[in-house]
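Descriptive analysis of the structure
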Amino acid sequence: MSKTFDDTQPHNPLDALLAKGGEFQSVLRYLEFIERLGWCDQHECKRADNIEAMVKQAKMLGLTQFTRVKEPKKKPTILVLQIQASAVNKCPCGEAGSRITEVCEEIKEAVEKFTLPKGSDQLGIDGAGLPKLDVSEGTDWNVIAENVVRLLTDDQEPKVFLREACGESMVELVKSKAKSNAGELVLKDVRPVNFASLIGRYATLEKYTADGHRIPATIDQKKAALIMGAAPMCNLPIIRSLHNAPVLYLTDNNDLRIIGPGYDPQTGMYVLGRKTVEPKPDWEAGVEKLLSRMSGWRFVDQSDKSRLIGSYMTSAMVYGNFLNGDRAPIQFFEADMSQTGKGYAAKVIAALYGEKMVTVTQKTGHGLGSFEEKFDAALLTGRPLILCDNMRKSLDSQSLESFATENEYAARGFRRGYITVDPRNYVVYITSNGMSTTADASRRFNVVRFVKQPRTHSFWQDRDGRNLLAHMTYFHRYYLGVIWSILCEWHRRGMPRTDEHRHDFRGWASAVDWIVQNLFGLPPLMQGCDEIRNRMSSVYLTFVRDLCQTIKHSQRLDVDLFTADIAAICGDQRIAIPDLKSNAEDADTKQLGIIFKRLFGGSQDERILDDEPSELEKRLPLEGYEIIRTVKWSPSRNKSHVYRFLFRGSTA
C-alpha cells in the first residue's frame, strides 16, 4: 500500500478510505477493528484486557494479515494486528499514524501476559485467521465437541443450530437453490459426511505427532458421527423457524414484544431481515385498506371474504403465539377455473409477511418425487409458509392429515431417517380448481372459494402502476404493521372469542370469527361450511361442481339438458366421470344416470301443476349453483330426465 491519506477527502478517515475503495479496503477493515475494540476512544488509545474478545472480533471481520507471536508449546498461536505507519497518516482518533504501531505493540504485550482459560488449550488461531481444533487420536470426544460448540457459537449471529435435539438434527443456514425461493436462507441438515467440511469453515483441523508437533488432520464420517453425538453438542442453539420480517409475539405473561432482527434464543425464531416494523396507530384505517385491496377477487359468498381475511391474520397469529398453542387449519383456496387468482392470493399474503412460499407440486404415487417427499422436504427448510399448488382430483394423504392434527410430525429427509418437526410453526396453503378429500381432512381446512372475474374487470393498481402483488411486496412493512395493529386492538379488548364450534380447530375459529365480525364487519367465518365439507368429501358432488362450472363458462346455464347432452359435455371438456370403467357405447350416459340418481335421491320434491304429461321436479343446491331435475313422461309413458343448471352465487 503505497498511497497515503488524502486530506482533500471527507474529514472522517474511515469515510475517506471507503471512498478510496480498492487497495484501501483492507486498511478500512483494520481501522474498524481498532475502533470496535476500543483502542481509540475520545482521543485515548487504550489497551484491551480481554484478548478473547479481540480474537472474536478479528474472526468476525475476516482479518488475515497478522504477525505471529512466539509462545510456549501447546498454547494457542494468537495472531496480532500489524499496520505499517506508511499506509495512512491518521488513525480514527486523529493522532499520527505512528500511534497505530504503538497500539500494535500494546497488543503484543497483552498477548504475552494472556492466560489460557481452563479447557481451551486445544483451541488456537492459525495464520489465516481461523482457530485451530485439535482432533488427535485418543482425545476425549466430549472435549472436541465442547470446542466445536465454542467455534460454532462464537459469531454474534449463529449459523449452526439444532432443530429440537442433538446429533442428527443439526442444521446450517444456507441459501436455497430451489426455484420457488431461490436465494432465501433455509435450513440444511448437517450429516457426518459433510460435518468435516462445515468445521473447516470455522477452524483448521490439526493433530499432534508422536514427537509433539502439530500437523494438519482430517476426520472421517465415523469420527464426525461420534463428535455430533457427544453430549456437549446439545448446547448448540435451538432453531424453530426462519422469518424475513419481525414477529409480534404474545409472551406467557400476556405482554406483547417484537422479535427481531436476529436470532431470539427464547423462542427459537431467527428473523433474517434487518428492517423494523411497528403497529400502525389507526387500526380502523388499516382495516379499510385491507378490504379495499380485495376488489380483484370475486367470491362465491361473502363468507369466503371473511375466510380470506382469516388467512391474512392466521400467519401473524401462528408466529406470535396468539393461539396459545392451538392449531391453525390448512388454508385451502379453491377456484371455479384456472387463472382465477387463487395462487395469486397466496402469494399476496406471503408478500405481506415479506416471505416467499416454498412450493410443493402434486405427483401420484409414493417414494421418490412423491407429494409426501416434497412436502417433508419443504418442512425441513424451516421456512414458515408452504404452498401445495394446483392439487387435483382426490387428496388422500395420511401424512397431510397427521400434519394437520398432531403437535409433532415425522418428516423424512433426503437419505435420512425421520426428523421430528413442530407443525405449529408452519402455515400451509393448498390451491385447487376442484379437489375431493376425506371428511376428516375437510374439517381441518379454511376454505376460500374464488369465482373468475369477467374479462372486462379492471384490476387494482396503485398510483405508481404496481399491481397488488408488487404493491404488497414494496409496502409489506406497512401492511404487516396494519395486521399487528388489528391484533393489538384485539389484545387490548381482552382477546374475546365467539362460541363458534363448527370447526375442528375451535381455538382458531372462535378467535378469527370474532375478529372478522367485530373488527372487519364481515359475515360469520363458518357460514355455509357444512355444505362445503359435504361436497369436498364426496367425489360425486365434487364432479357435479366441476360440471356446473363448465356449463356456466360454456354459457349453457338455464338450458334444458338431457343426460346424453351432459355426457357429451364431459367428453368435450375432458371431465372425468367418477367410477366410469367401461368404454361401451352409452356407458358414460348410464354412469351419469347412476350419479344423479344418488345425488337427487334425498333432495326436495316439488309437484309442478301443468298439462299432461305430468312433471316431477327436484332441486339440488350446490355452493352458489342450483341443479333442477325434471322427470317427464311422454304420452307413451316413457320416462326421461331433463336437467337445468342455474347460478345463484354472489358476484361480489
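Our subject in this report is the structure included herewith. (Residues numbered from 1 in each chain as written. Predicted model: local features only at pLDDT ≥ 70, side-chain atom pairs only at ≥ 80, totals over all residues. Heavy atoms only, no water.)

**Thoughts on the pattern of salt bridges**
Basically, it comes down to this: Any carboxyl oxygen of Asp or Glu within 4 Å of a side-chain nitrogen of Lys or Arg constitutes a salt bridge here. Put simply, DSSP marks the helices as runs of H or I at least four residues long and the strands as runs of E at least two long, and each gets a number from the N terminus on. Any residue under 20% of the maximum accessible area for its type is buried, any over 50% is exposed, and the rest in between are partly exposed; the area is computed with a 1.4 Å probe on protein chains only.
Scanning all chains against the criterion turns up 29 salt bridges. D462 is the partner of R466 in a salt bridge, and the nearest nitrogen-oxygen pair spans 3.1 Å. R533 is the salt-bridge partner of D530, the closest N and O atoms lying 3.9 Å from each other. In this pair, D530 and R533 both sit in helix 17 (residues 529–536), three residues apart, roughly one turn of the helix. Judged by relative accessible area, D530 falls into the partly exposed class, the value being 44%.

**Examining the packing of aromatic side chains**
For clarity, the threshold we go by: A pair of aromatic rings is counted whenever rings of Phe, Tyr or Trp (Trp by its six-membered ring) have centres within 6.5 Å, and the orientation is called stacked for planes under 30 degrees apart, edge-to-face for over 60 and tilted otherwise. In this analysis the charged atom, NZ for Lys or CZ for Arg, is taken to sit over a ring once it is within 6 Å of the ring centre and within 35 degrees of the ring normal.
In the structure shown here, the tally under the stated rule is 21 aromatic pairs. Members of the aromatic cluster, connected to one another through ring pairs, are W297, F299, F333, Y429 and F450. Across from the ring centre of Y474, 4.1 Å away, lies the NZ or CZ of R466, which sits over that ring.

**Things to note about the sheet that holds strand 8 (residues 170–175)**
Our working rule: Strand pairing requires that DSSP identify at least two bridges connecting the strands. As a rule, the C-alpha atoms of each element are fitted with a line to give its axis, helices using only the stretch in contact, and angles between N-to-C directions run from 0 to 180 degrees.
The strand order across the open sheet formed by three strands is 7-8-9, and the pairing between neighbours is antiparallel. Edge positions in the sheet fall to strand 7 (160–162) and strand 9 (185–189), since each of these pairs with one other strand and no more. Between one strand axis and the next, the sheet turns through 40° on average, direction left out of account. Two elements, strand 7 and strand 8, share three bridges in a ladder whose sense is antiparallel.

**Details of the sheet that holds strand 12 (residues 241–243)**
Across the sheet, which stays open at both edges, the three strands sit in the order 12-16-15 with mixed pairing between neighbours. Every interior strand has two partners, whereas the edge strands, strand 12 and strand 15 (262–264), have only one. Taking each pair of neighbouring strands and ignoring which way they run, the sheet shows an average axis angle of 20°.

**What about helix 19 (residues 563–572)?**
Operational definition: The arc refers to the directions leading from the helix axis to the C-beta atoms. Note on definitions: a residue-residue contact is assigned when non-hydrogen atoms from the two residues lie within 4.5 Å.
Of all the residues in helix 19, the buried ones are T563, I566, A567, I569 and C570. One side of helix 19 carries all its buried residues, which in axial view fall inside an arc of 160°. In helix 19, those exposed residues whose orientation departs by more than 90 degrees from the buried face are G571 and D572. Each element contacted by the buried residues of helix 19 is listed here: helix 18 (539–553), strand 25 (561–562), helix 20 (587–600) and strand 29 (639–647). Within two residues after helix 19, R574 carries a phi angle of roughly 55°, on the positive side.

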